[in-house]
Amino acid sequence: MITMKDIVREGHPALTKVSEEVELPLSTANKDLLQEMIQFLKNSQNEEIAKKYDLRAGVGLAAPQLGINKKLMAIYFQDENGKLYEYGLANPKVVSHSVGKAYLSGGEGCLSVDRHVEGYVPRHARITLRATDMDNNPVSLRLKGYPSIVFQHEVDHLNGIMFYDHINKDNPFEVPENARPIE
Ligand SMILES: CC(C)(C)[C@H](NC(=O)Nc1cc(F)cc(F)c1)C(=O)N(CC(=O)NO)CC1CCCC1
Ligand SMILES: [Zn+2]
């Protein structure tokens, strides 16, 4: 099972590399990896298991965070309406996005960053994301709000981008042009 010791931390080269697209249809190995990544997120949100294995509660995980530079990412969380987002995705791509921006009013963190980095992380408010899921089906997701932020955070990892790369150096809490806060 994946635990925190398997998650590489900032400074590790895998986090700043552009990852490779994976061959389709997904190999058994890549399917198993996506399944393990989703299981980590589920475990991390289970109080008992998280306590037993000292896991940080995570909503998304990208393969580079395991030192694996493949375009594979896992998402697991429920939005404020209780809608479950459970995805193991290969070769995700943001194919279109809104002009408008959005940011989490509390800023962002990262399972690979063991420090608090303050400031707003401006992202696209709405995106359309295309990928292949674990059953080798093409998926096209139209996302907004918190889900849009989570997916963008993970896709960034596949391109070697960390959340703090988006924070305005001169004024971390500057509200980006036509951006809206997500509470
Ligand atoms: C870095 C961490 C603070 C652990 C962050 N969790 C989070 O934002 N909140 C959270 C977690 C839960 F499990 C349940 C819940 F309701 C809320 C997170 O998982 N990530 C994912 C990550 O590091 N991926 O590489 C960071 C988030 C920042 C914005 C989107 C994802
Ligand atoms: Zn992260």
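Residues numbered from 1 in each chain as written. Chains lettered and ligands numbered in written order. Predicted model: local features only at pLDDT ≥ 70, side-chain atom pairs only at ≥ 80, totals over all residues. Heavy atoms only, no water.

Visitor: Looking at this model, I keep getting lost on the site of ligand 1. Mind explaining?
Guide: The immediate surroundings of ligand 1 are formed by 17 residues, with V59, Q65, L111, E154 and H157 found nearest. At 2.9 Å, a backbone N or O of V59 approaches an oxygen atom of ligand 1. Between ligand 1 and G60, the relevant distance is 3.1 Å, taken from a nitrogen atom to a main-chain nitrogen or oxygen of the residue. Out of a free accessible area of 640 Å², ligand 1 has 76% covered by protein chains. Looking at the shell around ligand 1 element by element, the count peaks at five residues for helix α3 (residues 145–158). Residue classes in the shell around ligand 1 are distributed as seven nonpolar, seven polar and three charged. (Near = heavy atom within 4 Å. Polar contact = N/O pair within 3.5 Å; in protein donor to acceptor, adjacent residues only side chain to side chain. Areas by Shrake-Rupley, 256 points an atom, 1.4 Å probe, with all protein chains shown as cover. Helix = DSSP H or I, 4+ residues; strand = E, 2+ residues; numbered from the N terminus. Nonpolar A, V, L, I, M, F, W, Y, C, P; charged D, E, K, R; others polar.)

Visitor: Looking at this structure, I do not really get the coordination of the zinc ion (ligand 2). What am I missing?
Guide: Where a metal carries four tetrahedral donors, each ideal angle is 109.5 degrees; where it carries six octahedral donors, the ideal angles are 90 or 180 degrees. Around the zinc ion (ligand 2), the protein contributes the donor atoms C110 (SG), H153 (NE2) and H157 (NE2), which lie 2.1 to 2.3 Å from the metal centre. Sequence spacing among the residues donating to the zinc ion (ligand 2) works out to C-x42-H-x3-H. With C110 in the loop between β4 (101–104) and β5 (123–124) and H157 in helix α3, the pair connects residues that are 47 residues apart, well separated along the chain. Residue C110 shares its accessibility class with H157, and that shared class is buried. (Donors = N, O, S within 2.8 Å, 3.2 Å for Na, K, Ca; no water. Buried < 20%, exposed > 50% of the residue type's maximum accessible area, 1.4 Å probe, protein only.)

Visitor: Is there a simple way to explain the sheet that holds strand β7 (residues 138–144) in this structure?
Guide: Two pairing modes exist for strands in a sheet, parallel and antiparallel, and in both the strands are linked by backbone hydrogen bonds. The sheet built from five strands is open, its strands ordered β1-β2-β3-β6-β7 with antiparallel pairing. Of all strands in the sheet, those bounded by a partner on one side alone are β1 (60–62) and β7. Averaged over all pairs of adjacent strands, the angle between strand axes in this sheet comes to 40°, irrespective of strand direction. Sheet topology places strand β2 (residues 72–78) next to strand β3 (residues 84–97); seven bridges connect them, and they run antiparallel. Residue pairing for β3: M73 is matched across the bridge by L89. Sitting on the sheet, helix α1 (residues 28–44) touches β1, β2 and β3, and the angle it makes with β2 is about 30°. Along the sheet, α3 contacts β1, β2, β3, β6 (126–133) and β7; its crossing angle with β2, the most-contacted strand, is approximately 160°. (Pairing = 2+ DSSP bridges. Axes fitted to C-alpha atoms, helices over the stretch in contact; angles between N-to-C directions. Contact = heavy atoms within 4.5 Å.)

Visitor: Would you explain the UniProt feature "binding site: Fe cation" (unreviewed entry) in the chain in this entry?
Guide: In this numbering, the UniProt entry assigns the feature "binding site: Fe cation" (unreviewed entry) to C110, H153 and H157. In summary, the annotated positions, though distributed over 48 residues, converge in three dimensions, the widest C-alpha pair being only 10.2 Å. The residues touching C110, leaving out its near neighbours within four places in the chain, are R56, Q65, H153, H157, M162 and F163. Discounting chain neighbours no more than four positions away, the residues touching H157 are L15, K17, A62, P64, Q65, C110 and M162. (UniProt positions renumbered as here; feature names shortened; annotations may be inferred.)

Visitor: Sorry, what's going on with the UniProt feature "active site" (unreviewed entry) in the chain here?
Guide: UniProt marks E154 with the feature "active site" (unreviewed entry), using the numbering shown here. Among the secondary structure elements, E154 is positioned in helix α3. Once residues lying within four places of it in the same chain are set aside, the contact partners of E154 are G60, L61, A62, Q65, M73 and I75.

Visitor: What am I meant to see in the nonpolar core here?
Guide: Within soluble globular proteins, side chains that are nonpolar generally end up buried alongside one another. Within the largest apolar cluster, 22 residues are counted, with the highest numbers of intra-cluster contacts made by I7, M37, F40, L61, L66 and L72. Of all the elements, α1 adds the most residues to this core, at six residues. Not counting residues up to four positions away in its chain, the partners in contact with L61 are I7, M37, F40, L41, L66, M73, A74, L111 and E154. Counting residues in each nonpolar core, the second largest holds 17 residues, with M73, I75, Y87 and A131 among its members. (Core = buried A, V, L, I, M, F, W, Y, C linked by side-chain atoms within 4.5 Å.)

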